[in-house]
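# Remarks on the overall topology
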Amino acid sequence: MYYKEPYLSRMKSVVEDIIISGRSIEILLEDTLLYPGGGGQPHDTGRILGKKWSADITLHRVSNGKVWHIGTLFGSVIPEPGEIVEVVLNWKRRYDFMQQHTAQHLLSATFFRLYGLETEGFQIFDDHSKIELRTESLSKEMLETVEIVTNEVAKKGLEVTTYITSRGDVQEELRKVPKEGLKFLRIVSIGNYDSVPCGGIHVRNTKEVLPIKILRAYKKTSSIWRVEFVAGYRAFRVLNDILEDYWESLGALNRSTPPLIDAIRAFEDEITKRISEERIWKYKLVETIVKFARASAVKIGREIVAVLEDIPWELRDSLVKEASAHGITMLVGVCKEGKFLVFSSRGLAKEILQLVSKLYKIKGGGSRNLVQGVFLENVPSSRDLLNVVMKVLR
């Protein structure tokens, strides 16, 4: 029935067979308006209503040419073969897919007529549809021309018709050659603009798919370009969402007028400036801290030992590098959170860590030159740590 009456949203039918497992059900009907999907067009969803039971249908399977509807069973009664039921289609979903599918035929026909580009694939998604074209190049000008021409063709209100014929009785020139082995073909024709074998469901008139909008195109492989588009009611919804996002983005960047790209570039420049200023500020802070540490450093044998109290932990790597550059051979530091570090240019850091672990409860590790960790309890001061270092050095 989905082929005979594509605009029908409710119908009566009879249960032929059922398979039930818990609340999962598969139902075979004598006839149905729920399309199982195929050829890039998604399947229908809907409900089957029986006596004191219902089934929400979300999937389908085709076996021996028959469509089994798969879903969830509700109610206190088990369906039985021979029962008369009502099939209810999710019409909004179906009609959206019909609009996208017919729009795809029009776009594919225009690409072929204007540039000889063949459609290799098609698929409908929730927020867009895609066509895959066999070509090595696809320019902005080509896309704009195809979009304008296709919309102009749709405005003419061409009738969309379908018929089934044997392979040898096809009377018109088809845009796409049918697969080998098919004895019968279902042909979808759009006026005298396009004819192609197709198993999908379409609108009656091309005006129903307006407007058709190409969203973007990009190269998938060396010889395949993917074109994303929307059509019909979906086009308004998607374009409104894009515009809403556009204006919200401008607002977030403290701009009230387009273009958005200028606002983004200005924002990037501001971020780059602030990052540069922050780096300068951090460098000056590190330099000041290390100069203070160097001035108060203790010479123990060959070692120049500096102690840092309440070190800014996020700057620890910079502090270690700057300390080494200023001739400090050993740096000991503790931050407020109980984290600590020991730097030794002569490879004594692990030896010091071992001694610290005997005196305090810690968690940490590192290399011969740098160890880091945290005191789990009884956090000592940097001076206390310096005493541990002196035990190792002496």
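Residues numbered from 1 in each chain as written. Predicted model: local features only at pLDDT ≥ 70, side-chain atom pairs only at ≥ 80, totals over all residues. Heavy atoms only, no water.

## A short note on the overall build of the protein
A tally of regular secondary structure across the protein gives seven helices and 19 strands. Relative to its length of 394 residues, the protein is extended, with a C-alpha radius of gyration of 36 Å against a globular reference of 21 Å. Viewed in the frame of its principal axes, the protein has a C-alpha envelope of about 105 × 60 × 45 Å. The buried share of the protein, taken over its 394 residues, is 43%. By sequence separation, contacts in the protein at least 24 residues apart represent 60% of the contacts at least 6 residues apart. Separation of charge centres in the protein, based on 57 positive and 51 negative side chains, amounts to 7 Å. (Helix = DSSP H or I, 4+ residues; strand = E, 2+ residues; numbered from the N terminus. Rg over C-alpha atoms; globule rule 2.2 N^0.38 Å. Buried < 20%, exposed > 50% of the residue type's maximum accessible area, 1.4 Å probe, protein only. Contact = heavy atoms within 4.5 Å. Lys, Arg positive; Asp, Glu negative; His and termini not counted. Charge placed at Lys NZ, Arg CZ, Asp CG, Glu CD.)

## Here's the deal with the layout of surface pockets
Computed from the structure, the largest pocket encloses a volume of approximately 700 Å³. As for the largest pocket, its lining consists of 22 residues, and the residues nearest its centre are Gly-39, Lys-179, Pro-197, Cys-198 and Gly-199. Mapped onto the lining of the largest pocket, the elements with two or more residues apiece are helix 1 (91-115), strand 7 (119-124), strand 10 (184-190) and strand 11 (194-197). Examining the composition of the lining of the largest pocket, we find that four residues originate from one element, strand 7, more than from any other. Among the residues forming the lining of the largest pocket, the class breakdown is ten nonpolar, seven polar and five charged. (1 Å grid on protein atoms, 1.4 Å probe; cavity = no way out; pocket = protein on both sides within 12 Å on 5 of 7 lines; lining within 4 Å. Points joined across faces, edges and corners; volume = space filled by probe spheres on them. Nonpolar A, V, L, I, M, F, W, Y, C, P; charged D, E, K, R; others polar.)

## Thoughts on the packing of helix 1 against helix 2 (residues 140-155)
One way to put it is that helix 1 packs onto helix 2 with a least axis distance of 9 Å and a crossing angle of 120 degrees. Between helix 1 and helix 2, the angle falls in the class oblique. As for how helix 1 packs across helix 2, the hand of that crossing is right-handed. Residues Leu-106, Leu-107, Thr-110, Phe-111, Leu-114 and Tyr-115 of helix 1 pack against Met-142, Leu-143, Thr-145, Val-146, Val-149, Thr-150, Val-153 and Ala-154 of helix 2. Residues belonging to the contact of helix 1 with helix 2 are distributed by class as follows: eleven nonpolar, three polar and no charged. (Axes fitted to C-alpha atoms, helices over the stretch in contact; angles between N-to-C directions. Parallel < 35°, antiparallel > 145°, perpendicular 65-115°, else oblique. Left-handed = near helix turned anticlockwise from the far one by under 90°.)

## Some points on the pairing of strand 11
The pairing of strand 10 with strand 11 spans four bridges and is antiparallel. By the bridge assignment, Ile-190 is partnered in strand 11 with Asp-194. Counting the residues between successive antiparallel strands, the hairpin from strand 10 to strand 11 contains three residues, one of them, Gly-191, with a positive phi of roughly 50 degrees. (Pairing = 2+ DSSP bridges.)

## Looking at the environment of Glu-30
Mapped onto the elements of the fold, Glu-30 is located in the loop between strand 2 (24-29) and strand 3 (46-49). Residue Glu-30 is classed as exposed on the basis of its relative accessible area of 54%. C-alpha separation for the pair Glu-30 and Glu-16, spaced 14 residues apart in sequence, amounts to 6.0 Å. Those residues in contact with Glu-30 that sit more than four places away from it in its chain are Ser-13, Val-14 and Glu-16.

## Points about the nonpolar core
Core analysis: the biggest nonpolar cluster contains 37 residues, and Leu-106, Phe-111, Leu-138 and Ile-212 have the highest contact counts within it. Of all elements in the fold, only helix 1, strand 7, strand 8 (129-134), helix 2, strand 10, strand 12 (212-219) and strand 13 (224-231) reach the threshold of two or more residues within this core. Among the elements that line this core, the one with the most residues is helix 1, at eight residues. Ignoring any residue separated from it by four or fewer positions in sequence, one finds Phe-111 in contact with Gly-116, Leu-117, Leu-133, Leu-138, Leu-143, Val-146 and Val-227. Listed in part, the 23 residues of the second largest apolar core include Val-332, Ile-352, Val-371 and Leu-386. (Core = buried A, V, L, I, M, F, W, Y, C linked by side-chain atoms within 4.5 Å.)

## Structural notes on the packing of helix 4 (residues 260-295) against helix 5 (residues 316-325)
It is at 9 Å that the axes of helix 4 and helix 5 come closest, and there the two elements cross at 55 degrees. With respect to helix 5, the axis of helix 4 lies oblique. Seen along the crossing, helix 4 lies across helix 5 with a hand that is right-handed. The segment helix 4 lies against helix 5, with Tyr-283, Val-286, Glu-287, Ile-289 and Val-290 engaging Ser-318, Leu-319, Glu-322 and Ala-323. Grouping the constituent residues of the contact of helix 4 with helix 5 by class yields six nonpolar, one polar and two charged.

## Re the sheet that holds strand 9 (residues 160-166)
Pairing is antiparallel across the open sheet formed by three strands, whose spatial order is 9-10-11. If you trace the sheet from one side to the other, it starts and ends with strand 9 and strand 11, each paired once. Taken pair by pair, the neighbouring strands of this sheet meet at an average axis angle of 25 degrees, ignoring direction.

## Observations concerning the pattern of salt bridges
Counting across every chain of the model gives 18 salt bridges. One salt bridge in this structure joins Lys-155 and Glu-152, with 3.3 Å as the shortest N-O distance. Of the two residues, Lys-155 and Glu-152 both sit in helix 2, three residues apart, roughly one turn of that helix. Residue Lys-155 is classed as partly exposed on the basis of its relative accessible area of 48%. On the basis of relative accessible area, Glu-152 is assigned to the partly exposed category, the value being 42%. Among the salt bridges present, the one from Glu-278 reaches Lys-282, with a minimum N-O distance of 3.3 Å. Note that Glu-278 and Lys-282 are positioned in helix 4 at a spacing of four residues, about one turn of the helix. Classification of Glu-278 as partly exposed rests on a relative accessible area of 41%. Given a relative accessible area of 30%, Lys-282 falls into the partly exposed group. (Salt bridge = Lys/Arg side-chain N within 4 Å of Asp/Glu carboxyl O.)

## With respect to the packing of aromatic side chains
Taken as a whole, this structure holds ten aromatic pairs when the rule is applied. Seen from their ring centres, Tyr-3 and Tyr-35 are 6.4 Å apart, and the 55 degrees between their planes marks the pair as tilted. On the criterion of sequence distance, the pair formed by Tyr-3 in the segment before strand 1 (10-21) and Tyr-35 in the loop between strand 2 and strand 3 is long-range, its members being 32 residues apart. The class of Tyr-3 is partly exposed, set by a relative accessible area of 34%. When the ring of Tyr-246 is compared with that of Trp-247, the centres are 5.4 Å apart and the planes differ by 90 degrees; the resulting orientation is edge-to-face. Looking at Tyr-246, the relative accessible area reads 23%, which means it is partly exposed. You can call Trp-247 partly exposed: its relative accessible area is 43%. Clustering of aromatic rings is evident, with ring pairs tying together Tyr-7, Trp-91, Tyr-95 and Tyr-233. One Lys or Arg, Arg-113, reaches over the ring of Tyr-193 and ends 4.2 Å from the middle of that ring. (Phe/Tyr/Trp six-rings, centres within 6.5 Å; stacked < 30°, edge-to-face > 60°. Lys NZ or Arg CZ within 6 Å of the ring centre and 35° of its normal.)

Functional significance is not addressed by these values, which are geometric in nature.
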